[in-house]
Amino acid sequence: MSDPSAQPPTILVIDDDTEIRYSLSRVLTSRNYRVTEAASGEQGVAMVKKGPVPDLVFLDVRMGGMGGIEALQHIRAANPKQLVVLMTAFGTAQTAIEAMKYGAFDYVMKPFDPAKVLALAANALKAHADLRAVGDYKPTINADDYREGIVGSAPVMQDVFKIIGQVTASDVTVMITGESGTGKELVARSIWKHSHRAARPFIAVNCAAIPDNLIESELFGHEKGSFTGATAQRLGKFELCDGGTIFLDEIGDMALATQTKILRVLQAGEIQRVGGTETIKVDVRILAATNKDLEEMVKAKTFREDLYYRLNVVRIKMPTLRERGGDIPQIVDFCLQNLVKARKARVAKVSPEAMAVLTRHTWPGNVRELENVIYRSAVIAQGAAILVKDLPAEIRGATNVEPTVGALALTATSDAPFDAVRTANAENVALASARVTAERVAAGEPALTVERALDFLHAELARDGGRILPQLERELIRRALATAAGDVGVAAKQLGLTKAALQKKLKEH
Ligand SMILES: Nc1ncnc2c1ncn2[C@@H]1O[C@H](COP(=O)(O)OP(=O)(O)OP(=O)(O)O)[C@@H](O)[C@H]1O
Ligand SMILES: [Mg+2]
């Protein structure tokens, strides 16, 4: 569709109801689509098989003779890439699920909203064009080259690889730091796999996940009767891991008493079971990780300084994904190839536009977040590639998302965004409530969910005679216009409205 000289797209409408065919054709031809019609499922299927293949099919679910779901299966069998939108008067979960399962692009409810039908047709055809553009996409990597499982060619990652290589020959303790999801555990496993201890166990202990009163028994074991519930002697991870490598994950969350005992392992290579008197020699290499600031903790005396130095013999600081944005396409390809291999997804490509969106995102959850996003998108993508529309809204663009309370709170600390709201009477309430929200967040109240924020706003705004919706709508429109620098077309896009619809709303407000 990017080629303006190209033929207008053709749309086939399959419905046994003459009136529906007529009204749908009128709506579609108003936008210069070429419309052909079929009066039954059988006829529609025959038309697709015979060709020329339409760019898009609107297909009724309930028809005399061959029903829509059956027709959909025939159509997709004849042309697996055919875009089909189902039409139904019955919005049951079953129809919707069946429709998507058999490869419909989407479905619309009758009676139609012409604007929705047109938006849907435009989206579908855009997806079609995007998929064609992806055509001969070449993956940036071959998953087999990455048996290591650590993908990255940015210089910061090369440094990480080098250190891994350097610490595999000895038993030196390694401290791996970095934000959540940056690959700390992956690196620990890689060190172990390349070390002379590779044939012995690797045991990961998540210190944050085990309650303080159980961690010592978990690590060092206990003697029978040493505490209530200790009905038998139990070996701890250090003994079980003899000759191997222990990965103490989230070590910043370890209680001070336990820290003392870890220090003893490091200094003397010995442990005592909880409730026991025997000293047991263990030969274990320790790797540790944390996303906490241990230096700060040492200052605050919540982390032992001597242990800190013992652990920090070699430090690997994992770069955030933001620092190595250039690696994103490789990681995406790697994830997709793995998903396909594991038969969790069929889609192995990403459209250039979607890749651009992925590389633009800042990834606070780093590689783990990227992996999750790819997984989610691959599962819902209908064509041969992940398109922008398949990405979660929060990745597609902050402006498309409901603000999180954090965002709300931040903007609310400056008065400017609320000027428009304030000019109308009684809307100080909104400002006040946002301020309160801001204060709550600032006071460190645990992550308020959007849900709770909405409850809160609802309760506050409801006092002012039920004018919540216009108030919120006005504010959202104002923000969209602000981020679009006043461009009504762009703002409309952000809001999911047509330009005309937004202009109408602007007049109303
Ligand atoms: N460089 C990389 N290449 C490929 N996959 C990666 C890379 N880094 C991390 N991953 C993947 O991202 C996910 C998170 O990695 P990992 O568990 O090692 O992170 P972490 O730093 O330990 O996170 P947390 O602090 O949340 O425990 C894993 O599924 C891992 O396989
Ligand atoms: Mg981890």
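Predicted, not measured: the structure shown is a model, and the values here were computed from it.

Peer 1: Honestly, the overall build of the protein in this entry has me stumped. Any pointers?
Peer 2: When its secondary structure is counted, the protein shows 23 helices and 16 strands. Looking at the 509 residues of the protein, the share that counts as buried comes to 32%. Taking as baseline every contact in the protein between residues at least 6 positions apart, the subset at least 24 positions apart corresponds to 68%.

Peer 1: How do you make sense of the site of ligand 1 when you look at a structure like this?
Peer 2: Taken together, 18 residues lie near ligand 1, and V151, G183, K184, E185 and V367 sit nearest. Elements supplying a minimum of two residues to the shell around ligand 1: α7 (184–194), α13 (328–341) and α15 (366–380). Along the lines of polarity and charge, the residues of the shell around ligand 1 split into 6 nonpolar, 8 polar and 4 charged. Each of two domains, domain 2 (170–317) and domain 3 (321–396), supplies a minimum of three residues to the shell around ligand 1.

Peer 1: Help me understand the nonpolar core, please; the structure alone is not making it clear to me.
Peer 2: One recurring pattern in soluble globular proteins is that nonpolar side chains are buried together. Core analysis: the largest hydrophobic core is formed by 59 residues, its most contacted members being V57, V84 and L86. For this core, the leading source of residues is α13, giving 6 residues. Taken together, domain 1 (10–134) and domain 3 (321–396) each give at least three residues to this core, which thus spans both.

Peer 1: Sorry, what's going on with helix α3 (residues 68–78) here?
Peer 2: Those residues of α3 lying buried are G68, I69, A71, L72 and I75. Projected down its long axis, α3 shows its buried positions confined to an angular sector of 155 degrees, all on one face.

Peer 1: Before we go on, may I ask you to explain the environment of A381 in this structure?
Peer 2: Note on placement: A381 falls in the loop between α15 and β16 (385–386). Remark: the alpha-carbon pair of A381 and V350, spanning 31 residues in sequence, is separated by 9.9 Å. If we ignore the near neighbours within four places in the chain, the residues touching A381 are V347, I386, L387 and D390.

Peer 1: Even after reading the chapter, I still don't get the sheet that holds strand β13 (residues 285–290), so can you show me in this structure?
Peer 2: The strands that make up a sheet are held in pairs by hydrogen bonds between backbone atoms, and each pair lies either parallel or antiparallel. Here 5 strands make up an open sheet; going across it, the order is β7-β10-β13-β6-β14 and the pairing parallel. Of all the strands in the sheet, the pair left with one neighbour each is β7 (202–206) and β14 (314–317). Strand-to-strand twist in this sheet, taken as the mean axis angle between neighbours without regard to direction, amounts to 20 degrees. Where α7 meets the sheet, it contacts β6 (174–177), β7, β10 (245–249), β13 and β14, and its direction lies at approximately 165 degrees from that of β13.

Peer 1: Help me understand the sheet that holds strand β4 (residues 84–88) in this model?
Peer 2: Taken together, 5 strands build an open sheet; the order of strands is β2-β1-β3-β4-β5 and the sheet is parallel. Unpaired on one side and paired on the other, β2 (34–38) and β5 (106–109) mark the two borders of the sheet. Here the strands of the sheet are splayed against their neighbours by 20 degrees on average, with no regard to which way each runs. In the sheet, strand β3 (residues 56–60) pairs with β4 via 4 bridges, with the strands oriented parallel. Note that in β4 the partner of F58 across the bridge is V85. Those strands touched by helix α1 (residues 18–29) are β1 (10–14), β2 and β3, and its axis lies near 165 degrees from that of β2.

Peer 1: What am I meant to see in the pairing of β1 here?
Peer 2: Two faces belong to every sheet, and in a regular strand the side chains alternate between them. Of all 5 residues that make up β1, 4 are buried, and the element is covered over most of its length. Taken together, the 5 bridges between β1 and β2 define a ladder with parallel strand orientation. Paired with V13 across the strands is E37, a residue of β2. Note that the unit made of β1, α1 and β2 has a crossover that is right-handed. Sheet topology places β1 next to β3; 4 bridges connect them, and they run parallel. When the sheet's bridge partners are listed, V13 is paired in β3 with F58.

Peer 1: Would you explain the confidence of the model for the protein in this entry?
Peer 2: The predicted coordinates should not be examined in detail at positions where pLDDT is low. Looking at the protein as a whole, the pLDDT averages 82, with 81% of positions reaching at least 70. Scored below 50 in pLDDT, residues 398–437 makes 54 contacts in the model with residues more than four places away or belonging to other chains. The low-confidence segment residues 443–449, where pLDDT is below 50, has 5 contacts with residues more than four positions distant or belonging to other chains.

Peer 1: Explain the environment of K50 here, please?
Peer 2: With respect to the helices and strands, the residue K50 is situated in helix α2 (residues 41–50). Put simply, K50 and A78 are 28 residues apart on the chain and 9.8 Å apart in space, counted from C-alpha to C-alpha.

Peer 1: Got a minute to help me understand the packing of helix α22 (residues 488–495) against helix α23 (residues 499–508) in this structure?
Peer 2: The relative placement of two packed helices comes down to the angle between their axes together with the axis-to-axis distance. The contact between α22 and α23 brings their axes to 8 Å, and the two run at 100 degrees. As judged from the angle between their axes, α22 and α23 are roughly perpendicular. Along its contact with α22, which presents V488, G489, A491, A492 and L495, the element α23 presents K499, A501, L502 and Q503. When its residues are assigned to classes, the contact of α22 with α23 shows 6 nonpolar, 2 polar and 1 charged.

Peer 1: Is there a simple way to think about unusual backbone geometry in this case?
Peer 2: When glycine is set aside, most residues are seen to have a negative phi, and most peptide bonds are trans. For the bond from G51 to P52, the omega torsion is -5 degrees, close enough to zero to count as cis. Within the secondary structure, P52 sits in the loop between α2 and β3. A positive phi angle is found at N366, which is not glycine, with a value near 55 degrees.

Peer 1: What am I meant to see in α22 here?
Peer 2: Since there are 3.6 residues in each turn of an α-helix, residues three or four apart along the chain are aligned in direction. For α22, the complete set of buried residues consists of A491, A492, Q494 and L495. Taken around the axis of α22, the buried residues stretch over an arc of 160 degrees, which confines them to a single face. In the segment just after α22, G496 is the residue with positive phi, at about 75 degrees.

Peer 1: So what exactly am I meant to see when it comes to the packing of helix α6 (residues 155–167) against α7 here?
Peer 2: Packing of α6 against α7 leaves a shortest axis separation of 9 Å and a crossing angle of 40 degrees. Taken together, the axis directions place α6 and α7 in an arrangement best described as oblique. α6 and α7 meet at a crossing whose hand is right-handed. Contact residues: V160, I164 and V167 in α6; V187, S190, I191 and H194 in α7. Its residues assigned to classes, the contact of α6 with α7 comprises 5 nonpolar, 2 polar and no charged.

About the cut-offs
Residues numbered from 1 in each chain as written. Chains lettered and ligands numbered in written order. Predicted model: local features only at pLDDT ≥ 70, side-chain atom pairs only at ≥ 80, totals over all residues. Helix = DSSP H or I, 4+ residues; strand = E, 2+ residues; numbered from the N terminus. Buried ≥ 20, exposed ≤ 12 C-beta atoms within 10 Å, placed from the backbone. Contact = placed C-beta atoms within 7 Å. Near = placed C-beta within 6 Å. Nonpolar A, V, L, I, M, F, W, Y, C, P; charged D, E, K, R; others polar. Domains from an automatic or database assignment. Core = buried A, V, L, I, M, F, W, Y, C linked by C-beta atoms within 7 Å. Arc of directions from axis to C-beta. Pairing = 2+ DSSP bridges. Axes fitted to C-alpha atoms, helices over the stretch in contact; angles between N-to-C directions. Right-handed = clockwise from strand over helix to strand, strands pointing away. pLDDT = per-residue confidence, 0-100. Parallel < 35°, antiparallel > 145°, perpendicular 65-115°, else oblique. Left-handed = near helix turned anticlockwise from the far one by under 90°.

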